[in-house]
Amino acid sequence: MTDSEVNAVDLRLMGHLVEGEVVAVFRWGVIVDLRMSWVGLIDVLYIEDDDNCQVGDRVSCYLECFDKQKRKFILRPPGQVPLAERLRRIRELRDLSS
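Residues numbered from 1 in each chain as written. Predicted model: local features only at pLDDT ≥ 70, side-chain atom pairs only at ≥ 80, totals over all residues. Heavy atoms only, no water.

Let's talk about a negative patch on the surface
Threshold: Patch building starts from residues that exceed 30% relative accessible area and form no salt bridge, then joins like charges within 9 Å and nonpolar side chains (Val, Leu, Ile, Met, Phe, Trp, Tyr) within 5 Å. Computed with the Shrake-Rupley method and a 1.4 Å probe, the accessible areas treat only the protein chains shown as cover for residues. What makes a salt bridge here is a side-chain nitrogen of Lys or Arg within 4 Å of a carboxyl oxygen of Asp or Glu, nothing more. His is not counted, nor are the chain ends, whereas Lys and Arg count as positive and Asp and Glu as negative. Each charge is placed at NZ for Lys, CZ for Arg, CG for Asp and CD for Glu. Helix and strand definitions follow DSSP, with helices as H or I runs of at least four residues and strands as E runs of at least two, each counted in order from the N terminus. Type-normalised accessible area, obtained with a 1.4 Å probe on protein chains alone, sets the label of each residue: buried when under 20%, exposed when over 50%, and partly exposed for intermediate values.
A contiguous patch of negative charge, built from Glu48, Asp49, Asp50 and Asp51, is present on the exposed surface. Among the secondary structure elements, Asp49 is positioned in the loop between strand 3 (40-43) and strand 4 (58-67). Taking relative accessible area as the criterion, Asp49 reaches 82% and is therefore assigned exposed.

The structure is reproduced here in structure tokens:
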């Protein structure tokens, strides 16, 4: 498998809730072992100040997409608005205030 290839079985899980184990926590996000072809990343934009994620924790997230540059699945926690939707809302608010 090359760096940009994603297992066909994993592709069928896009948009679904998946579970994994936190393997690393950084200021820029959380790395999750999904037991899939690649690890997952919960972007810091989805992490609230009061979230206390630690290595070994089990987490459930939506499998949003595969980022070829980062070579990671992008994950979104339940209850969080997708990043593209957040940006669209911000643009709309700016347009309204102009």
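A short note on the sheet that holds strand 5 (residues 72-76)
The cut-off we apply is this: In short, DSSP must find at least two bridges between two strands for them to pair. Every axis in this analysis is a line fitted to C-alpha atoms, fitted for helices over the stretch in contact. Angles between the N-to-C directions lie between 0 and 180 degrees.
Strand order around the closed barrel formed by five strands is 1-2-3-5-4, with mixed pairing between neighbours. The mean inter-strand angle of the sheet, taken between neighbouring strand axes irrespective of direction, is 55°. Pairing geometry for strand 3 and strand 5, over three bridges, is parallel. Looking at strand 5, one finds that Leu41 is bridged to Ile74.

Regarding the packing of aromatic side chains
Which entries qualify depends on this criterion: When two rings of Phe, Tyr or Trp (its six-membered ring) have centres within 6.5 Å they constitute a pair, described as stacked for plane angles under 30 degrees, edge-to-face for angles over 60, and tilted for the intermediate range.
Per the counting criterion, the structure on display carries three aromatic pairs. Ring geometry for Phe26 against Trp28: centres 4.5 Å apart, planes inclined by 5°, an arrangement best described as stacked. A residue is classified by how much of its surface remains accessible, and Phe26, at 40% relative accessible area, is partly exposed. The exposure class assigned to Trp28 is partly exposed, which follows from its relative accessible area of 46%. Of the aromatic side chains, those joined through ring pairs into one cluster are Trp38, Phe66 and Phe73.

Quick notes on the nonpolar core
So the rule is basically this: For this analysis, a nonpolar core means a set of buried residues of the types Ala, Val, Leu, Ile, Met, Phe, Trp, Tyr and Cys, connected via side-chain atoms within 4.5 Å.
Among the nonpolar cores identified, the biggest contains 16 residues, and Val32, Leu34, Ile42, Leu63, Phe73 and Leu75 are the most heavily contacted of them. Breaking this core down by element, the ones donating at least two residues are strand 1 (17-26), strand 2 (29-33), strand 4 and strand 5. Examining the composition of this core, we find that four residues originate from one element, strand 4, more than from any other.

Topic: the layout of surface pockets
The condition that has to hold: Residues are called lining when one of their atoms sits within 4 Å of a cavity or pocket point, these points coming from a 1 Å grid over the protein atoms alone, where a cavity is a set in which a 1.4 Å probe fits but cannot get out and a pocket is an open set with protein on both sides within 12 Å along at least five of seven lines. Grid points are joined across faces, edges and corners, and a volume is the space filled by probe spheres set on the points.
Here the largest pocket is characterised by a volume of approximately 180 Å³. Lining of the largest pocket is provided by Val30, Ile42, Tyr46, Ile47, Glu48, Asp51, Asn52, Cys53, Val59, Cys61, Pro77 and Gln80.

What to know about the pattern of salt bridges
Evaluated as defined, the whole model comprises six salt bridges. Taking the shortest distance from any N to any O, the salt bridge between Arg58 and Glu19 comes out at 3.0 Å. With Arg58 in strand 4 and Glu19 in strand 1, the pair connects residues that are 39 residues apart, well separated along the chain. The class for Glu19 is partly exposed, based on a relative accessible area of 45%. Residue Arg88 is joined to Glu92 by a salt bridge in which the shortest nitrogen-to-oxygen separation is 2.2 Å. Placement of both Arg88 and Glu92 in helix 2 (residues 83-97) is noted, with a separation of four residues, approximately one turn of the helix.

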